[in-house]
Each structure stands twice: as structure tokens, then as C-alpha cells.
Amino acid sequence: MKRWLEKLKPLSVGIGVITVIIFWANFLIPDSYSQTNNVKCPDSSTIAVLQIRGVIVEDDGQYDFIASPAERIVKRLKEIGDTPSIKALVLDIDSTGGSMVAADEIVGELKSIPDKAKVAIIRNNGDSAAYYIASAADKIYANAFSDIGAIGITMSFTETDDSGIYQALSSGKYKDVFAPGYHLTQDDRNMVLRQVDDSAQTMIGRIAENRHMPVADIAKLADGSTLNGTQAKRVGLVDEIGGIDEVLAGLGLTEAQKGNVCEMDGFTTPESVGRSN
């Protein structure tokens, strides 16, 4: 597993880039999912079901865990958007979150698709960055026992010191804040928390916009906790309790159109690395 994930460092910080990784993601998702291996829907398809599983990441690279790369998902969304016969898109989500940057790229592409119904269905988990993606759909379905929410930002990590005394030789006083072996001062913590709070407010605002809810209502729920599907419906994070049958019934399509469903993988597994994407 990548070094940053081994250290349980949920957030890697580059120049101007924040990437949120939910540290428990690998422990709450199944070891494997069955894949369709579909990279493109037939021209006769009327409903596209795009599966999002595991940790949401940026690049369609090699991972030794189940990952949903934005690069792959955006490509699938473009193909769906360019297929005139497809009348509805179903985001089939089972993820505890991941990169907010990757999620934002997915949301941007999702919103750019015109003239198609967009529905999300949350399976076991639809948390943090995964819930942000779901919020961009026209309607969200979930199971009564689904785990939903975890709205918020984390930059927590485990301090380690592998090489003895850390020697700071940097041009800026905050440049080494996330370096292995560096120990945060209170000033460092305040700087990081300012960034966390600002990112959290952006996330809250965008979810509120997507869900057509007051920002204050989403802010009350943004304490990092999760809700089951019934609770989430009660507070407005979910629209309906139901499964794929209820989703298809709610699309308002004819029986013939409902029969032309195309499932597409938006995720990779360690076993699938190297297959066509």
C-alpha cells in the first residue's frame, strides 16, 4: 500500500492541493467487488449504472486496494453524456470517501451532463467525499441501514520519527509541517486548522447548494458523524429509502426502456490492474 496510507495520513498536502482520505475506508469496504468490465455502453442503452466503490482517488493508476479513480469516472461520465439513447444515469455508490479534489472533479463532470435524469443510490456507505458526489444527483436513494454523512474535513496523521532528530532546513516555517518526523507546534496546528475549517465550509456550502438546503442545516450535520438511511432521510440528506428496483421505478421510463440497462465500472481492484480502462 502506498506509504501515505500505511501511515494513516488521511490528507496529503501539495502546493495548493488538499486531498482528503478517510482513514477507515479500507477497513469498512469488502475485500472485493464483482466487476462488469464494461468500458462503454451499447448505443441501445437507456439507463447507465455507474458503480463507485472503495476509496475515491485522483489517478487511474495501480492500487493494492479497491479504488474509484476520478480519471476513470470522468471518462465514463463523458461517454454517458455523449450517448443520446441514455435517458438516465444511476450512480451506484458504496464508499466511505477519499479525495475531495477527485470528488469535485467527478461532481463537475456530472453537473455538465444535460438532459438526463441523475439518481444516486447509496449501498452500505455514502460518506464524506462519496456523499458529496451523491449530493450532486437529482435524487438520492439509500437503504434504511446505509451509513451516510461524515461531512467534514480531516488532516489528522500519525507523527513518526524514523531517523532520529528532525533537522528543519526549509525556506518557510510551515514547509515541513507534514514531513515524517516533524512534531507540530501549536502555531502549526492553528495554521492547519484554519485550512481545515475553510475547506469544511466550502464542502458544506456545496452540499447545501446541491441539496437545495440552507447552509445552516448542513452545517448542523457537519460534525463528522454518520447517520443511517432512515435518519438521513429525516434530515434531508436522502430523498427515498429503497433499492435499485425503486430507483428504476422512480425514473418514469417505460418498461421497455427499463430493460436496456448498462452497468459500468467506475472502480478498480488489485486483481483488475492492467485491464482496459
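All values reported here derive from a predicted model rather than from experimental measurement. (Residues numbered from 1 in each chain as written. Predicted model: local features only at pLDDT ≥ 70, side-chain atom pairs only at ≥ 80, totals over all residues. Heavy atoms only, no water.)

Peer 1: Please give an account of the overall build of the protein chain that cites residues and values.
Peer 2: Along the protein chain, the regular secondary structure elements total ten helices and eleven strands. Classification of the 277 residues of the protein chain by burial places 48% in the buried group. The contacts of the protein chain with a sequence gap of at least 6 include a subset with a gap of at least 24, amounting to 72%. Here the protein chain has roughly 13,100 Å² of accessible surface; of this, 50% comes from carbon and sulfur atoms. (Helix = DSSP H or I, 4+ residues; strand = E, 2+ residues; numbered from the N terminus. Buried < 20%, exposed > 50% of the residue type's maximum accessible area, 1.4 Å probe, protein only. Contact = heavy atoms within 4.5 Å. Areas by Shrake-Rupley, 256 points an atom, 1.4 Å probe, with all protein chains shown as cover.)

Peer 1: Could you give an account of the state of the cysteines, naming the residues involved and the relevant values?
Peer 2: In the structure shown here, the tally under the stated rule is one disulfide. Disulfide pairing is shown between Cys-41 and Cys-262; the S-S distance is 2.1 Å. Disulfide Cys-41 to Cys-262: torsion about the S-S bond roughly -90°, handedness left-handed. One end of the pair, Cys-41, is in the loop between α2 (25-28) and β3 (47-57); the other, Cys-262, is in strand β11 (residues 261-265), with 221 residues separating them in the sequence. (Disulfide = S-S within 2.5 Å.)

Peer 1: How would you explain the pairing of strand β5 (residues 88-98) if you had to name every residue and give the values?
Peer 2: Within β5, eleven of the eleven residues are buried, which leaves the element mostly enclosed by the surrounding structure. Two elements, β5 and strand β6 (residues 117-127), share seven bridges in a ladder whose sense is parallel. Of the residues in β6, the one forming a bridge with Ser-95 is Gly-126. After leaving β5, the chain enters helix α4 (residues 100-112) and then returns to the sheet as β6, a path that is right-handed. (Pairing = 2+ DSSP bridges. Right-handed = clockwise from strand over helix to strand, strands pointing away.)

Peer 1: Requested: an account of the nonpolar core, with residues and values cited.
Peer 2: Judged by nonpolar contacts, the single largest core of 54 residues is most densely connected at Leu-89, Leu-91 and Ile-133. With eight residues, helix α6 (residues 186-211) is the single largest residue contributor to this core. If sequence neighbours within four positions are ignored, Leu-91 has contacts with Leu-50, Ile-52, Leu-110, Val-119, Ala-120, Ile-121 and Ile-133. Among the nonpolar cores identified, the runner-up in size contains eleven residues, and Val-90, Tyr-141, Val-247 and Leu-253 belong to it. (Core = buried A, V, L, I, M, F, W, Y, C linked by side-chain atoms within 4.5 Å.)

Peer 1: How would you explain the side chain of Asp-92 if you had to name every residue and give the values?
Peer 2: Residue position: Asp-92 is located in strand β5. With a relative accessible area of 3%, Asp-92 lands in the buried category. Of note is the side chain of Asp-92, whose polar atom sits 2.8 Å from the side chain of Arg-123. Excluding its chain neighbours within four sequence positions, the residues that come into contact with Asp-92 are Val-49, Leu-50, Gln-51, Ile-52, Arg-53, Ile-121 and Arg-123. (Polar contact = N/O pair within 3.5 Å; in protein donor to acceptor, adjacent residues only side chain to side chain.)

Peer 1: Got a sec to walk through the pattern of salt bridges? Specific residues and values, please.
Peer 2: Following the criterion strictly, the structure yields eight salt bridges and no others. Two residues, Lys-78 and Glu-109, come together in a salt bridge whose shortest N-O distance is 3.2 Å. A residue pair is termed long-range when its members are at least 10 positions apart, and Lys-78 in helix α3 (residues 70-81) and Glu-109 in helix α4 qualify at 31 residues. When its relative accessible area of 43% is taken as the criterion, Lys-78 is described as partly exposed. Looking at Glu-109, the relative accessible area reads 13%, which means it is buried. Close ionic contact of Arg-123 with Asp-92 constitutes a salt bridge, the shortest N to O distance being 2.8 Å. In this pair, Arg-123 sits in strand β6 while Asp-92 sits in strand β5, placing the two residues 31 residues apart along the sequence. (Salt bridge = Lys/Arg side-chain N within 4 Å of Asp/Glu carboxyl O.)

Peer 1: Requested: an account of the pairing of β3, with residues and values cited.
Peer 2: The element β3 is largely enclosed, with a buried count of eleven among its eleven residues. In the sheet, β3 pairs with β5 via nine bridges, with the strands oriented parallel. Among the inter-strand pairings, Gln-51 is bridged to a residue of β5, identified as Asp-92. Alignment of β3 against β11, held across five bridges, turns out to be parallel. Looking across to β11, one finds that Leu-50 is bridged to Met-264. In terms of strand pairing, β3 meets strand β4 (residues 67-69) through three bridges, oriented parallel. The residue of β4 that forms the bridge with Ile-56 is Ser-68.

Peer 1: Could you give me a rundown of the packing of aromatic side chains, with the residues and numbers involved?
Peer 2: Across all of its chains, the model carries one aromatic pair by this definition. Considering the side-chain rings of Tyr-63 and Phe-65, the 5.3 Å spacing of their centres and the 55° angle between planes classify their relative orientation as tilted. A relative accessible area of 10% means that Tyr-63 is categorised as buried. For Phe-65, a relative accessible area of 4% translates into the label buried. (Phe/Tyr/Trp six-rings, centres within 6.5 Å; stacked < 30°, edge-to-face > 60°.)

Peer 1: Summarise unusual backbone geometry; cite the residues concerned and give the values.
Peer 2: Trans is the common state for peptide bonds, and a negative phi is the common state for residues other than glycine. Positive phi, close to 50°, is recorded for Ala-150, a residue that is not glycine. Relative to the assigned elements, Ala-150 resides in the loop between β8 (147-149) and α6. In this structure Ala-150 comes out as buried when scored by relative accessible area, which is 5%. At His-212, a position not held by glycine, the phi torsion is positive, near 55°. Its place among the elements puts His-212 in the loop between α6 and α7 (215-221). In this structure His-212 comes out as exposed when scored by relative accessible area, which is 73%.

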